[in-house]
Amino acid sequence: MTGAVMVESGGSSGGDFPAKLTKQVIVCSIIAACGGLMFGYDIGISGGVTSMDDFLIKFFPIVYAKKHEVKENNYCKYDNQYLQLFTSSLYLAAILASFIASITCKAFGRKVTIQAASVFFVTGSVLNAAAKDLGMLIAGRICLGIGVGFGNQAVPLFISEIAPTRYRGALNICFQLLITVGILLANFVNYGTSRIHPYGWRISLGGAGVPALILLVGSLLIVETPTSLIERGHIEEGLKILRKIRGVEDVQKEYEMITHATELASQEKHSYRKLMHRSNRPQLLVTVALQIFQQFTGINVIMFYAPVLFQTIGFGSDASLLSSAVTGSVNVASTFVANIIVDKAGRKSLLIEAAVQMFIAQSIMGGILAKYLTATSTMPDKYAWIVLILICIFVSGFAWSWGPLGWLIPSEIFPLEVRNAGFFFAVSTNMLFTFLIAQAFLTMLCHMQSGIFFFFAAWVLVMFLFAIFLLPETKGIPIDEMVDRVWKKHWYWKKYYNDEQAATK
């Protein structure tokens, strides 16, 4: 078939089904992953905008005044609940939206849900760019949040279901890769618009509509996943699409696996109730833990508030925006590394190595800030640059591990009958703890000062132990065979399956 670029054979190293990595799969995965571009652009843009004087004068004059006080507290000048609400309101909306998206994914398909995400995101970007008051600004953020909830719910599932087993990790990480690209683009946009007075912030916020329009137009070109089609009764079309995306005629074994999974799923009318059964508890607990840990690495402290943080440690306004662009570049490059090695090195080893790397970087950062940055002092330049280097080391570790794998692993471990419900818990937990960190960080920075880095380092230590003892390896396992080949063989989680009646408890 035209467009087949690489062959996947059977075997434990490459999955069990004959398939080629077709251009159709690559194009569909990249287009769908543009949902990550939307999400990343927003993460990157919000921190830069909140450090722009024109934006603060219009919406947060109290913060502007505090920022320019002669004897300002380095750690407290941005401590304002309404300013934090500007960033965090998006994530509250995303929690509710991801629940609705879990229903639309099952009823109408992954493709339609992705299209809805792009429409909401375009709407939110228009409202933000045209905002005349704080209410309109927050309304725009809520629309963006709905788009994020829909996109984050549908895209990883879409990619995991469409990808051949051998390349599932690399293709799914395209979502996280484009998140990092979005963050980087936002940093450069902020660096440029910060010089455009008094409406540069409007250009930054309105720019969110560009990746959303790319996704909207691109979504017209992608196919629905065979699993979703078969699940919704479109059997022949599902088989046709399966042959198309695999690039081979012999898809009978995979088709039968999908059909069997959809038959089991159709018997379960209450997927959320089923998700609470003992037999699904291991996947649910691991999924929730991964989302909490992803946020408590402290990564969003860097990504949301990088310009604010760099100003705190002594960089000027322009230098802080440029420094955040540097960390954004490291983020993209390191996520690309994950894209290359995740299906070779495996999920678990990447998480363990990165936890060590992040723990060391955060601990040293905390020590430098504790010694050289008091409430009113300016950090010596050489130590400010050392902190920047340490932040880059921290970001690189996160970007090839807990960042992308926090989305990949939950998208591949649930049985079909609870897949949408299970991934809703991934998205909603992620959004909830993103909200909590975004809403609390500036206040935490004010009160904990340099201790905030030790706070997150302690969490990273817990994550390290979790990855060693409780996280199974899912590399190279067909998505609908995870229970038998992963969970029932894990030293701890297998106890949930020892009782033959576990699934009905």
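Residues numbered from 1 in each chain as written. Predicted model: local features only at pLDDT ≥ 70, side-chain atom pairs only at ≥ 80, totals over all residues. Heavy atoms only, no water.

The helix and strand tally for the chain stands at 22 helices and two strands. Within the chain, the fraction of its 505 residues that count as buried is 61%. Considering only contacts in the chain between residues 6 or more positions apart, those separated by 24 or more positions represent 80%. (Helix = DSSP H or I, 4+ residues; strand = E, 2+ residues; numbered from the N terminus. Buried < 20%, exposed > 50% of the residue type's maximum accessible area, 1.4 Å probe, protein only. Contact = heavy atoms within 4.5 Å.)

Here we come to the packing of aromatic side chains. Aromatic ring pairs are defined here through the distance separating the ring centres and the angle between the ring planes. What the rule picks out here adds up to 24 aromatic pairs. For the ring pair Y272 and F425, a centre distance of 6.5 Å and an interplane angle of 50 degrees mean the geometry is tilted. Pair noted here: Y272 is in helix α13 (residues 271–275) and F425 is in helix α20 (residues 419–448), with a separation of 153 residues, a long-range link. When the ring of W493 is compared with that of Y496, the centres are 5.8 Å apart and the planes differ by 40 degrees; the resulting orientation is tilted. Y496 shares its class with W493; the two are buried. Among the aromatic side chains, those forming a connected cluster through ring pairs are F293, F296, W402, F433, F455, F456, W459 and F466. (Phe/Tyr/Trp six-rings, centres within 6.5 Å; stacked < 30°, edge-to-face > 60°.)

By the secondary structure assignment, Q291 is in helix α14 (residues 281–295). Non-local contacts of Q291, meaning those with residues more than four positions away in its chain, are made with G406, W407, P410, A426, T429 and N430.

All right, on to the pattern of salt bridges then. A side chain with one charge may pair with a side chain of the opposite charge, provided their charged atoms come close. Summed over the entire model, instances satisfying the criterion amount to 13 salt bridges. Between E161 and R419 there is a salt bridge, and its shortest N-O distance comes to 3.1 Å. Residue E161 is found in helix α6 (residues 134–162), and its partner R419 is found in helix α20; the two are separated by 258 residues along the sequence. One exposure class covers both E161 and R419, and it is buried. Connected through salt bridges with shared partners, the residues R110, E161, E231, R419 and D480 form a single ionic network. (Salt bridge = Lys/Arg side-chain N within 4 Å of Asp/Glu carboxyl O.)

To continue, consider unusual backbone geometry. Note that the residue after H197, namely P198, is joined by a cis bond; omega there is 0 degrees. Mapped onto the fold, P198 is located in the loop between α7 (168–193) and α8 (200–206).

A word on the nonpolar core. Core analysis: the biggest nonpolar cluster contains 141 residues, and F55 and W402 have the highest contact counts within it. With 13 residues, helix α1 (residues 23–49) is the largest single contributor of residues to this core. Aside from chain neighbours lying at most four places away, what touches F55 is V49, T50, F60, L83, F86, L137, W201 and L205. (Core = buried A, V, L, I, M, F, W, Y, C linked by side-chain atoms within 4.5 Å.)

The subject of this paragraph is the packing of α14 against helix α19 (residues 402–413). Viewed as axis vectors pointing N to C, α14 and α19 meet at an angle of 165 degrees, and their least axial separation amounts to 10 Å. Judged by the angle between their axes, α14 and α19 are roughly antiparallel. As α14 runs across α19, the sense of the crossing is left-handed. Together, Q283, T287, L290, Q291, F293 and Q294 of α14 and W402, G403, G406, W407, I409, P410 and I413 of α19 make up the contact between the two elements. Across the contact of α14 with α19, the residue classes break down as seven nonpolar, six polar and no charged. (Axes fitted to C-alpha atoms, helices over the stretch in contact; angles between N-to-C directions. Parallel < 35°, antiparallel > 145°, perpendicular 65-115°, else oblique. Left-handed = near helix turned anticlockwise from the far one by under 90°. Nonpolar A, V, L, I, M, F, W, Y, C, P; charged D, E, K, R; others polar.)

So, about helix α5 (residues 110–129). Each full turn of the α-helix corresponds to 3.6 residues, which orients residues three or four apart in the same direction. Helix length check: α5 (20 residues) gives 29 Å between terminal C-alpha atoms against 28 Å at 1.5 Å per residue, within 8%. Looking only at α5, the buried set comprises R110, T113, I114, Q115, A117, S118, F121, G124, S125 and N128. (Expected span 1.5 Å × (residues − 1).)

Attention shifts here to the side chain of S271. Relative to the helices and strands, S271 is located in helix α13. Discounting residues that sit within four places of it in the chain, S271 has contacts with K106, E417, V418 and A421.

On the surface, a cluster of nonpolar side chains totalling about 400 Å² of accessible area is made up of V356, F359, I360, I364 and L461. No other element matches helix α17 (residues 347–372), which puts four residues into the nonpolar patch. (Patch = residues over 30% accessible without salt bridge, like charges linked within 9 Å, V, L, I, M, F, W, Y side chains within 5 Å. Areas by Shrake-Rupley, 256 points an atom, 1.4 Å probe, with all protein chains shown as cover.)

Here we come to the environment of I30. Within the element layout of this structure, I30 appears in helix α1. C-alpha separation for the pair I30 and I222, spaced 192 residues apart in sequence, amounts to 9.8 Å.

Right, let's get into the state of the cysteines. Here, disulfide denotes a covalent bond that connects the sulfur atoms of two cysteines. Tallied over the full model, the rule gives zero disulfides. The thiol sulfur of C174 is not disulfide-bonded, and the nearest other cysteine sulfur, from C34, lies at 10.0 Å. (Disulfide = S-S within 2.5 Å.)

With respect to the helices, strands and loops of the structure, N128 is situated in helix α5. The exposure class assigned to N128 is buried, which follows from its relative accessible area of 1%. For the pair N128 and G140, spaced twelve residues apart in sequence, the C-alpha separation works out to 5.1 Å. Filtering out sequence-adjacent residues up to four positions away, N128 remains in contact with M136, L137, G140, R141, L144, W201 and L205.

All right, on to the packing of α14 against helix α21 (residues 451–469) then. Between α14 and α21, the shortest axis-to-axis distance is 9 Å and the interhelical angle comes to 150 degrees. Classified by the angle their axes make, α14 and α21 are roughly antiparallel. Once α14 is placed against α21, the crossing between them reads as left-handed. Along the contact surface, α14 presents V286, A289, L290, I292, F293 and Q295, while α21 presents F456, W459, V462, M463 and F466.

For the chain, per-residue confidence averages 85 on the pLDDT scale, and 88% of positions sit at 70 or higher. Of the regions scoring below 50 in pLDDT, residues 1–15 engages in 43 contacts with residues more than four places distant in sequence or in other chains. Counting interchain partners and residues more than four positions distant, the pLDDT-below-50 stretch residues 500–505 has nine contacts. (pLDDT = per-residue confidence, 0-100.)

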